Each structure stands twice: as C-alpha cells, then as structure tokens.
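Analysis of the macromolecular model
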Amino acid sequence: MIVKTVNSYDIHVYGQVLRVVGRSELEAGPDGFDVAELMLNEPRGSKYMNLLTFHENDNGSLEISIDSANGIENRGILVKSFLSSLVDRGRIAVRGSYSVDIEGEVVVYDHEGLEETPLYDVADDRGLYIVNGKRLKLAATGMILEIQNITGMKEEIENLNDGTYDYLVLHNDGKHTVANESNDILPYPIIEVVSLLDGISCGGRMTTLNGEDIKIQNGSFPHRYQLVANSQFYIDSTDIYREGFVIK
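This one's a predicted model, so the numbers in the text were calculated from it and none came from an experiment.

**A short note on the nonpolar core**
- By size, the foremost hydrophobic cluster in this structure holds 43 residues, and its most contacted members are Phe 54, Ile 64, Val 79, Phe 82, Leu 83, Tyr 109 and Val 193.
- The greatest single-element share of this core, amounting to seven residues, is contributed by helix H2 (residues 75–88).
- Leave out the neighbours within four places in its chain, and Leu 83 touches Leu 62, Ile 92, Tyr 98, Val 100, Tyr 109 and Leu 114.
- If you look at the next biggest cluster of nonpolar residues, it comprises 13 residues, including Phe 33, Leu 38, Leu 51 and Ile 235.

**Overview of the pairing of strand S11 (residues 167–172)**
- Alignment of strand S10 (residues 134–140) against S11, held across five bridges, turns out to be parallel. Each residue of the ladder has a partner; that of Leu 136, found in S11, is Tyr 167.
- Once you follow S10 into helix H3 (residues 150–160) and on to S11, the crossover reads as right-handed.
- Bridging between S11 and strand S12 (residues 175–180) involves six bridges; their strand directions are antiparallel. Following the sheet pairing, Asn 172 is matched in S12 by Lys 175.
- Counting the residues between successive antiparallel strands, the hairpin from S11 to S12 contains two residues, one of them, Asp 173, with a positive phi of roughly 55°.

**Structural notes on H2**
- If you check H2, its first and last C-alpha atoms are 20 Å apart, about what 14 residues at 1.5 Å a residue would give, namely 20 Å.
- In terms of burial, H2 is a largely internal element, eleven of the 14 residues being buried.
- Along H2, the residues classified as buried are Ile 77, Leu 78, Val 79, Lys 80, Ser 81, Phe 82, Leu 83, Ser 84, Ser 85, Leu 86 and Val 87.

**A few points about the sheet that holds strand S8 (residues 122–125)**
- Taken in spatial order, the six strands line up as S8-S9-S10-S11-S12-S13 in an open sheet, and their pairing is mixed. The outermost strands of the open sheet, each flanked by one partner alone, are S8 and strand S13 (185–186).
- Alignment of S12 against S13, held across two bridges, turns out to be antiparallel. Of the residues in S13, the one forming a bridge with Val 178 is Leu 186.
- Packing of H3 onto the sheet brings it into contact with S10, S11, S12 and S13, and relative to S11 it is tilted by some 130°.

**Side note on the packing of aromatic side chains**
- One pass over the structure, following the stated rule, counts three aromatic pairs.
- Aromatic side chains Phe 54 and Phe 82 sit 5.4 Å apart centroid to centroid with 55° between the ring planes, which places their arrangement in the tilted category. You can see Phe 54 sitting in strand S3 (residues 49–56) and its partner Phe 82 sitting in helix H2, a full 28 residues away along the chain. Per residue, the accessibility class of Phe 54 equals that of Phe 82, and both read buried.
- Looking at Arg 89, its charged tip hangs above the ring of Tyr 9, at a distance of 3.7 Å from the centre.

Criteria and cut-off values
- Counting restarts for each chain: residues are numbered from 1 in the order of the written sequence.
- Where local features are concerned, this predicted model is filtered to residues with pLDDT of at least 70; where side-chain atom pairs are given and counted, the filter is 80 or more; whole-chain, interface and lining totals use all residues.
- Note: side-chain values were computed over all heavy atoms of the structure, leaving out hydrogens and water.
- Within this scheme, the nonpolar core is defined by two criteria: the residues are buried Ala, Val, Leu, Ile, Met, Phe, Trp, Tyr or Cys, and they are joined through side-chain atoms within 4.5 Å.
- When accessible area is computed with a 1.4 Å probe and restricted to protein chains, residues below 20% of their type maximum are described as buried, those above 50% as exposed, and intermediate ones as partly exposed.
- Segments assigned H or I by DSSP are reported as helices when at least four residues long, segments assigned E as strands when at least two residues long, and all are numbered from the N terminus.
- Residue contacts are counted whenever heavy atoms from the two residues lie within 4.5 Å of one another.
- At least two bridges found by DSSP between two strands are what make those strands a pair.
- Here the term right-handed applies to a crossover when the path leading from its first strand over the helix to its second strand runs clockwise, the strands being oriented away from the viewer.
- For a helix, the expected span equals 1.5 Å multiplied by the residue count minus one.
- Interaxial angle, 0 to 180 degrees, is taken between N-to-C directions of lines fitted to C-alpha atoms, where a helix line uses only the stretch in contact.
- Aromatic rings from Phe, Tyr and Trp, taking only the six-membered ring of Trp, are treated as a pair when their centres fall within 6.5 Å; an angle between ring planes under 30 degrees marks them as stacked, one over 60 as edge-to-face, and anything in between as tilted.
- Cation placement over rings: the criterion is NZ of Lys or CZ of Arg within 6 Å of the ring centroid and within 35° of the ring normal.

Right under this line is the structure:
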C-alpha cells in the first residue's frame with residue numbers, strides 16, 4: 001500500500017549527480033522508513049548520488065543540507081548548479097545574489113557566477129600538493145586510463161595509497177583518474193584536481209575517466225548542469241528495503 005509520495009528532480013554536472021528535494025517532502029514519513037535515506041539510495045545502483053534538501057524562508061534566503069552516498073566533492077559547484085536549476089524552473093526569482101545557509105554556514109552566491117568557479121591556488125608541500133585545504137598526490141602512469149582497464153587502475157591505486165592524501169591523481173597523456181583516500185575511483189572532475197592539472201599542463205588537455213574534456217576559461221572552471229529526471233517516488237508500507245540500497 002502506497003503511504004507517501006516524494007517529488008524530486010535530478011541534475012548532473014559532468015556526470016556528478018545531485019538529487020534535489022524540498023524539505024517539506026521529507027516530513028511525516030511512515031513509521032520505520034528513513035525518507036531521506038530512501039531518496040539518497042534510489043534508484044538502485046548509483047553510488048555517486050548526492051542529495052540536497054532545501055527550504056526557502058519568507059525573506060528569500062535558502063536553507064539547504066547536502067548528503068552523499070560516497071562523500072561530497074565540488075560542494076560549491078553543486079550548490080551553484082542547484083541555484084541555477086531553481087531559477088530555471090521558476091522556483092525563485094532572478095536576483096543579483098543568493099544567500100544560502102548550508103547547515104549553519106551562510107554563503108552568498110552572485111548570479112553572474114553560477115556557471116563558473118575560479119580555480120584554486122596550488123601549493124607544494126614535500127611531495128604533496130595542497131589545494132583548497134585538500135592534499136593531492138600526483139602520479140604519472142603508463143597505464144591506459146579507460147573504463148575497460150578499471151581493474152588495473154584499482155590495483156595501482158591500492159599500491160600507491162600511503163595514507164597521506166585526500167585525492168590520488170593518476171595521469172597519462174592528458175587523461176587522468178582520481179581516487180579518494182578510500183581507493184574509490186571518482187570518474188567525474190574534481191575542481192581541486194582540475195586546479196592542479198591546469199597549472200601543470202599550462203592550459204593543455206584535461207580529460208576525465210568518464211570522457212569529459214575540461215576547458216578552462218580565464219582562470220575559471222565553467223560548469224553547466226543538465227536535467228536528468230523529474231521523479232515521483234512512492235513509499236509502499238510493505239517494502240522491506242526501508243532505506244533503499246546501493247549496488248557497489
């Protein structure tokens with residue numbers, strides 16, 4: 001028996017997925033079900049899903065929270081893309097700037113900057129690169145960085161993991177693959193990594209594991225979201241998967 005319906009929409013930026021749900025949609029869930037977890041873990045199979053819930057205050061400011069199935073990367077880009085999507089859908093009016101309370105941290109985003117983000121400065125620290133507070137390890141490889149070679153990449157990543165970094169970057173002939181400290185491969189671009197590689201390549205080719213070609217414009221990383229789906233999720237009281245599940 002269907003006891004609750006949740007409306008949402010999904011967008012992605014270079015393959016990084018963001019599901020957007022109004023905070024009121026998650027209220028009054030049926031007993032035994034974690035509605036937020038269900039929204040994060042469905043549809044079954046996506047280990048890279050990010051869930052953003054939001055509420056618009058009477059003064060026009062926004063309160064949001066972000067959760068993730070695999071760790072949150074590119075937070076600022078995700079929030080900017082979310083704001084762009086609200087404007088495009090007519091949910092909020094176009095303004096010069098938008099005030100967003102992100103779990104207690106208030107950030108103001110200019111409308112003109114919603115589709116690009118300046119690259120970060122890069123510092124060298126004894127073999128690691130520090131970018132936006134993240135530690136990056138760069139490793140050249142002769143391996144072909146393609147999806148069909150994922151097993152070989154995983155083995156090389158595990159061999160190189162010395163516990164010193166937040167992101168490991170394998171690169172070969174303009175292509176790169178990124179893994180986090182848990183050896184999870186992140187196929188979409190990470191802005192800290194893009195900042196590092198742009199400085200090293202001096203504007204040369206940058207291609208991610210999922211085949212996205214990154215082009216830097218005037219020192220900024222341009223990003224436009226794409227709408228993936230408008231969805232309604234139906235919670236059935238007989239469903240045994242009360243938090244959904246993700247195939248990894």
